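The primary structure of each chain is shown beneath.
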Amino acid sequence: MSLSSPSKDQLDGLIQEINQWAITNGLAMYPPKFEANPSKASVSPVTVYPTPIPKKCFDEAVQIQPIFNELYARITQDMARSDSLLFKTTQALALSDPEFTGKLWSLYLDTLNVGEKNKKQNLKLGIFRSDYLIDKKNGNDQIKQVEFNTVSVSFAGLAGKVDRLHTYLNKSNKYDFKGSYYNEQDMVISDSGFLLSKALAIAVESYKSQQNFPISSDPIVAFIVQRNERNVFDQKILELNLLEKFNIRSARLTFDDVHEKLFTNNETGRVFIRDTKQEIAVVYYRTGYTTTDYTSEKDWEARLFLEKSIAIKAPDLLTQLSGSKKIQQLLTDENIVSQYAPNFEEKNSLLKTFVKIYPLDNTELGKEGKRLALSNPSKYVLKPQREGGGNNVYKENIPDFLRSIEECHWDAYILMELIEPEFNKDNIILRDNKPYEEAIISELGIYGCILFDDRQVLMNEFSGSLLRSKFNTSNEGGVAAGFGCLDSIVLY
Ligand code: ADP
Ligand code: MG
Ligand code: MG
């Protein structure tokens, strides 16, 4: 169904509705430099309408999520074995990317030296998001994975809000100019804000039974957050749900706070908030995924302190490292993915979502990757081992970029085939009260949560969905980074 363009009056009316609904319901973010006055938030960038997504693609992405969750749990388990391919790969990657992978890896090696008498926490909570673009290359729609995120996945809280905003506009006939509306059954409402808090609550309960807590006592979830985080309200939704739906308290702590406000019992590895004596059952990271989150050696020490504690980490260092772009590249090799997804049908359904990814090393495939990067870059994106948007190098910029660094460091990057999604010309992006009527591209995100230990999986679930859209002209789609906006899904 295509919507006719609204008149200026109709659009102004819609914008007013969106702003008012968003503020009423907390579909919001802090603007840059909000610290001077934290009483002022702004409406998140959003689309005016939902975006049509083929039902077949959405269903496939939902169904495959538990398979991806388990794949990454198995990868994490295997990375702990020092003779495994993934241990060796990550060790080599640590050398070619010393600023980030190298730092995380050396912290991990440090944790192996924890004194014998200390207990180790073997439960890990993965809160994941698998991101897709819908490829139209061969004339039929096929979800293709952009990346798999294993740390600090955002927008689970706001995703359901933008879904409800669009449902509200539809239901109250605000889209009714020229007789256009959506069938409400086709509009997806993500339950991710609830489902992620539920996963955190399950981890808290597991900690309590593991540590023999009396029923009456109540350990908490520590949200480890960035200094001056702008996407606070997305996180607050999880905090509020934890309290309201599961009766679990939480604390927001920066790496500075970890030094200043926590203490640990050296015998047991349990960690507490000094003032309140509350015990931390789960450490949930909304920071620590990029170099700039660690402003000094002290921040790395804070990460190590938490990692060594007996609290359940969401994620721990290995789970975070399992989501490196390098491992995503390795998994496109059928022989490698088969080791972690032995079921034939499951393996094939994973492989179907992958596009070609090359290493840039001295293997045969790596040599092919280097050749393509230098001589045929227009079909590719070059990615470093980084998260959070704004790090990739696109198409014609690839050769000069590679030539600007020494070839011995090229293997810290992967070369990925560009996915070519169709763009949608019928939507409008609303950012800072200004409408932009440009063609957009949409990226589907599926959340998944998994609780696992060194051997087995204790909980594994699909946890809701997200749609982010960006201008067709922009390479990247980060909402917080200022490239994209929140959207919702209408299935067709
Ligand atoms: P990050 O971990 O920084 O989010 P991504 O791998 O998600 O890195 O890349 C950032 C953005 O770049 C994506 O959201 C998408 O818009 C674009 N992008 C990444 N890989 C591809 C690809 N293979 N084809 C098309 N666009 C891509
Ligand atoms: Mg990422
Ligand atoms: Mg991404």
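Residues numbered from 1 in each chain as written. Chains lettered and ligands numbered in written order. Predicted model: local features only at pLDDT ≥ 70, side-chain atom pairs only at ≥ 80, totals over all residues.

As recorded in an unreviewed UniProt entry, the chain goes by Glutathione synthetase and comes from Saccharomyces kudriavzevii. For the record of the chain, the UniProt heading Sequence similarities (unreviewed entry) holds the text "Belongs to the eukaryotic GSH synthase family." (UniProt positions renumbered as here; feature names shortened; annotations may be inferred.)

Caption draft 1: View of the overall build of the chain. From N to C terminus, the chain includes 15 helices and 22 strands. Taking 2.2 N^0.38 as the reference for a compact globule, 492 residues should give roughly 23 Å; the C-alpha atoms of the chain span a radius of gyration of 23 Å, in line with that estimate. Across its three principal directions, the C-alpha atoms of the chain cover 70 × 60 × 45 Å. Across the 492 residues of the chain, 44% fall into the buried class. Across the chain, the fraction of contacts at a sequence separation of at least 24, relative to all contacts at a separation of at least 6, is 73%. (Helix = DSSP H or I, 4+ residues; strand = E, 2+ residues; numbered from the N terminus. Rg over C-alpha atoms; globule rule 2.2 N^0.38 Å. Buried ≥ 20, exposed ≤ 12 C-beta atoms within 10 Å, placed from the backbone. Contact = placed C-beta atoms within 7 Å.)

Caption draft 2: How the structure looks around the domain arrangement of the chain. Here the domain parsing of the chain yields domain 1 (8-355 + 419-491) and domain 2 (357-418). The C-alpha centroid of domain 2 is placed 26 Å from the C-alpha centroid of domain 1. Listed by partner, the interface residues are 22 residues for domain 1 and 18 residues for domain 2. Among the elements of the structure, α3 (85-96) and α11 (325-331) are those that each provide at least two residues to the side of domain 1 that touches domain 2. (Domains from an automatic or database assignment.)

Caption draft 3: Looking closely at the nonpolar core. Core analysis: the largest hydrophobic core is formed by 125 residues, its most contacted members being Leu200, Ala203, Val221, Val282, Val283, Tyr284 and Ala314. Structurally, this core is a two-domain feature, drawing no fewer than three residues from each of domain 1 (8-355 + 419-491) and domain 2 (357-418). Apart from the residues lying within four places of it in its own chain, the contact partners of Tyr284 are Leu200, Val221, Ala222, Phe223, Ile224 and Ala314. (Core = buried A, V, L, I, M, F, W, Y, C linked by C-beta atoms within 7 Å.)

Caption draft 4: Inspection of the UniProt feature "binding site: Mg(2+)" (unreviewed entry) in the chain at higher detail. In the numbering adopted here, UniProt assigns the feature "binding site: Mg(2+)" (unreviewed entry) to Glu147, Asn149 and Glu387. The named residues occupy 241 residues along the chain; their greatest pairwise C-alpha distance, 10.0 Å, places them in one compact cluster. By the secondary structure assignment, Glu147 is in strand β6 (residues 142-149). Taking the number of C-beta atoms within 10 Å as the measure of exposure, Glu147 has 17 and is therefore partly exposed. The contacts of Glu147, once residues within four sequence positions are left out, are Asp131, Lys325 and Gln328. Considering the arrangement of structural elements, one finds Glu387 in the loop between β14 (380-383) and β15 (393-394). Using a count of 22 C-beta atoms within 10 Å as the deciding quantity, one classes Glu387 as buried. Those residues in contact with Glu387 that sit more than four places away from it in its chain are Val151, Tyr289 and Thr290.

Caption draft 5: Structural context of the sheet that holds β14. In spatial order, the strands read β13-β16-β14-β15; together these four strands make up an open sheet with antiparallel pairing. The open sheet has two edge strands, β13 (357-359) and β15, and neither has a second partner. Examined bridge by bridge, β13 and strand β16 (residues 414-417) share three bridges and lie antiparallel to one another. In the sheet register, Ile357 faces β16, and the bridge partner there is Met416. On top of the sheet, helix α14 (residues 364-375) reaches β13, β14 and β16; it is set at about 105° to β13, its chief contact. (Pairing = 2+ DSSP bridges. Axes fitted to C-alpha atoms, helices over the stretch in contact; angles between N-to-C directions.)

Caption draft 6: Looking closely at helix α9 (residues 297-308). Compared with an ideal rise of 1.5 Å per residue, which puts twelve residues at 16 Å, α9 spans 17 Å between its outermost C-alpha atoms and is within 8% of the ideal. Listing the buried residues of α9 in full gives Ala302, Arg303, Leu306, Glu307 and Lys308. Buried residues along α9 sit against α4 (101-111), α8 (255-261), β11 (280-286), β12 (312-314) and α10 (317-322). (Expected span 1.5 Å × (residues − 1).)

Caption draft 7: How the structure looks around the pairing of strand β20 (residues 457-471). Of the pairings in the sheet, the one linking strand β19 (residues 440-452) to β20 comprises twelve bridges and is antiparallel in character. Bridged to Cys449 within β20 is Glu461. Turn length for the β19-β20 hairpin, with the two strands adjacent in sequence and antiparallel, is four residues. In the sheet, β20 pairs with strand β21 (residues 484-487) via four bridges, with the strands oriented antiparallel. Pairing of Ser469 across the sheet is with Cys485, part of β21.

Caption draft 8: The confidence of the model for the chain, seen in detail. For the chain, the mean per-residue pLDDT works out to 95, and 96% of the residues sit at or above 70. Complex prediction metrics read pTM 0.97 and ipTM 0.99. (pLDDT = per-residue confidence, 0-100.)

Caption draft 9: Just the pairing of β6, in detail. Across the eight residues of β6, six count as buried, placing the element largely inside the fold. Inspection of the sheet shows strand β5 (residues 124-135) paired to β6 by seven bridges, in the antiparallel sense. Looking at the pairing, Arg129 lines up with Asn149 of β6. If you look at the hairpin formed by β5 and β6, you'll find six residues sitting between the two strands, and Gly139 has a positive phi there, around 85°.

Caption draft 10: Molecular detail of the packing of helix α1 (residues 8-25) against helix α5 (residues 156-171). Interaxial distance between α1 and α5 falls to 11 Å at its minimum, and their mutual angle equals 135°. What the angle tells us is that α1 and α5 run oblique. As α1 packs across α5, the resulting crossing turns out to be right-handed. Here Glu17, Ile18, Trp21, Ala22 and Asn25 of α1 come into contact with α5, specifically with Lys161, Leu165, Tyr168 and Leu169. When its residues are assigned to classes, the contact of α1 with α5 shows six nonpolar, one polar and two charged. (Parallel < 35°, antiparallel > 145°, perpendicular 65-115°, else oblique. Left-handed = near helix turned anticlockwise from the far one by under 90°. Nonpolar A, V, L, I, M, F, W, Y, C, P; charged D, E, K, R; others polar.)

Caption draft 11: Highlighting the environment of Leu85. Within the fold, Leu85 resides in helix α3. With 13 C-beta atoms counted inside 10 Å, the residue Leu85 sits in the partly exposed group. Residues Leu85 and Ile336, 251 residues apart in the sequence, show an inter-C-alpha distance of 9.2 Å.

Caption draft 12: Up close: the environment of Ile398. With respect to the element layout, Ile398 can be found in helix α15 (residues 398-403). The exposure class of Ile398 is buried, given the 22 C-beta atoms found within 10 Å. As a C-alpha pair, Ile398 and Ser4 span 394 residues in sequence and 40 Å in three-dimensional space. Once you skip the residues sitting within four places of it in the chain, Ile398 turns out to touch Ala373, Pro377, Tyr380, Leu382 and Val393.

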